[in-house]
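Here is what each chain is made of, one letter per residue.
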Amino acid sequence: MTGILLALDPVTEDRLLRDIVAGGHDVLGRVAGAEDVIAAVDAAPADVVLVNAGPRSLTAGVLQACDRRGVRVIALAATERERRNAVTVGLHEVIDADAPWSDIEPLLSAAPLRTPQSERAGDGGGGADDGERGSRVLAVWGPAGAPGRSTIAITLAAELAAAGRRVALLDADPYGGTVAPALGLLDEAPGFAAACRLAGSDSLTTAELDRVAQTYGGAGGFRVLTGIARPDRWPELSEDRVRRTLAVCRTWAEYVVIDTGFSLERDEEISSDLFAPRRNAATIAALQGADHVVAVASADPVGLARFLRTHADLVELLDGQRLTVVANRVRASVVGLNPGGQVAQTLLRFGGIERPVLVPHDQAAADAALLAGATLRDVAPRSPALAAVARFMRDDLLPAPEPALRRRLGRRRGRMAPAVG
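Because the structure is predicted, anything quoted here is derived from the model rather than measured.

Draft legend 1. Molecular detail of the packing of aromatic side chains. In total, this model carries three aromatic pairs according to the counting rule given. On the basis of an interplanar angle of 35° and a centroid distance of 4.8 Å, the ring pair of Y175 and F262 is categorised as tilted. Highlighted residues: Y175 in the loop between β7 (167-171) and α7 (179-182) and F262 in the loop between β10 (255-259) and α11 (281-288), separated in sequence by 87 residues. Of the residues examined, Y175 reaches a relative accessible area of 29% and is grouped as partly exposed.

Structure, rendered in structure tokens:
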């Protein structure tokens, strides 16, 4: 039996109340408004709060009160505005307000997404084994020459957030970050460097991550740890600090997307001081600590040559980790007719790379996103480049939906499918 506190509109409450009671759950109270939710949780902690996702009922204060008491929060959103509010305050357990109780009940006993804010950098460890706790780290890498690594990382983060996941985007490039200016965020105080410093002193917690992070609040809102603005600050991003930071980030977000540096060189081979900091250690630590690596190649003759020369080093470094190759900016103007086929054939012939993700070139959409300091989803939702990244995200990164949910989504897509012809 689960103790449930209801903070829903009357229509939704009436629709669900009978099923809640029939399922053997205990309704501890029926309140309205954020202040009433906080008071009820503090007075008699429930196991779960079912709350409308709108700003009247769901606030950061509600989440903080529930976190203090270990209460799970599940938000029901009737509109896109309500869903965005939930994302803005940091909650991604959001489902449709008209969802049946059979879709809501399994969430009552699921493992909580938020963890106590006292969890320290040394408590969680690191590496791909941490994925057992429900979080996933995705590292986005690309060789020298600006293949579009940051654009792919930003787009993946936005699409994962729009899919209802709690997402953190980390700019870990030791040669200078580009995520902040691309998203119109201030970068005077680099969030990732601050997190690394705290991790180095064993002081990094999820509360500190919330403090040093910034929020991108577009259609798919997510948290951002901005990168270093000056390349001479790279010593702050040591290997141990990066690993510790990733360990805490796994408890902070469901999906952690890292924009890494380009170089895979191991500097100690040319250094007589074996204990000196290594400039590329942040990149190598991020790649080795990831659950899935996305390698980005620019789909032109120069970009493909650069990528293929470094791809073997990347494979050796990852040692069997999951790797997906993304060919970015695919266009006929630089490779000829059937550009997708030619790029795929080149990667297969010279790199043994099968089934790369092909992202079409969409310069107008990319320029519009940079001009607005926003994601492709916010400025060009019909961009073919966005569609390719979103398809990769759904097919390869998100878990497969349950059969009942898959049937329901299929019916919904059938209703929404545009007419052809």
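Once the structure has been displayed, the description carries forward.
Draft legend 2. Just the pattern of salt bridges, in detail. Inspection of the entire model under this criterion finds 17 salt bridges. Of the charged contacts in the structure, one is a salt bridge between R197 and E236, with a shortest N-O distance of 2.7 Å. Of this pair, R197 sits in helix α8 (residues 191-200) while E236 sits in the loop between β9 (222-225) and α10 (239-252), and the two are 39 residues apart along the sequence. For E236, a relative accessible area of 18% puts it in the buried group. With a shortest N-O distance of 3.8 Å, E354 and R355 are connected by a salt bridge. Each of the two residues, E354 as well as R355, counts as exposed. A single salt-bridge network, built from bridges that share partners, covers R149, D173 and D259.

Draft legend 3. Quick look at the confidence of the model for the protein. Here the protein averages 84 in pLDDT, and 85% of its residues register 70 or above. Every residue in residues 111-133 scores below 50 in pLDDT, and together they form 60 contacts with partners more than four places removed in sequence or on other chains. Low confidence marks residues 412-421, where pLDDT is under 50. Its contacts with residues over four positions away, or in another chain, come to one contact.

Draft legend 4. Expanded view of the sheet that holds strand β4 (residues 72-77). With parallel pairing, the five strands of this open sheet are ordered in space as β2-β1-β3-β4-β5. Both outer strands of the open sheet, β2 (26-30) and β5 (94-96), are each paired with one neighbouring strand and no more. On average, adjacent strands in this sheet sit at an angle of 25° to one another, irrespective of strand direction. By the bridge criterion, three bridges tie β4 to β5 in an arrangement that is parallel.

So, how was this worked out
- Residues numbered from 1 in each chain as written.
- Predicted model: local features only at pLDDT ≥ 70, side-chain atom pairs only at ≥ 80, totals over all residues.
- Heavy atoms only, no water.
- Phe/Tyr/Trp six-rings, centres within 6.5 Å; stacked < 30°, edge-to-face > 60°.
- Helix = DSSP H or I, 4+ residues; strand = E, 2+ residues; numbered from the N terminus.
- Buried < 20%, exposed > 50% of the residue type's maximum accessible area, 1.4 Å probe, protein only.
- Salt bridge = Lys/Arg side-chain N within 4 Å of Asp/Glu carboxyl O.
- pLDDT = per-residue confidence, 0-100.
- Contact = heavy atoms within 4.5 Å.
- Pairing = 2+ DSSP bridges.
- Axes fitted to C-alpha atoms, helices over the stretch in contact; angles between N-to-C directions.

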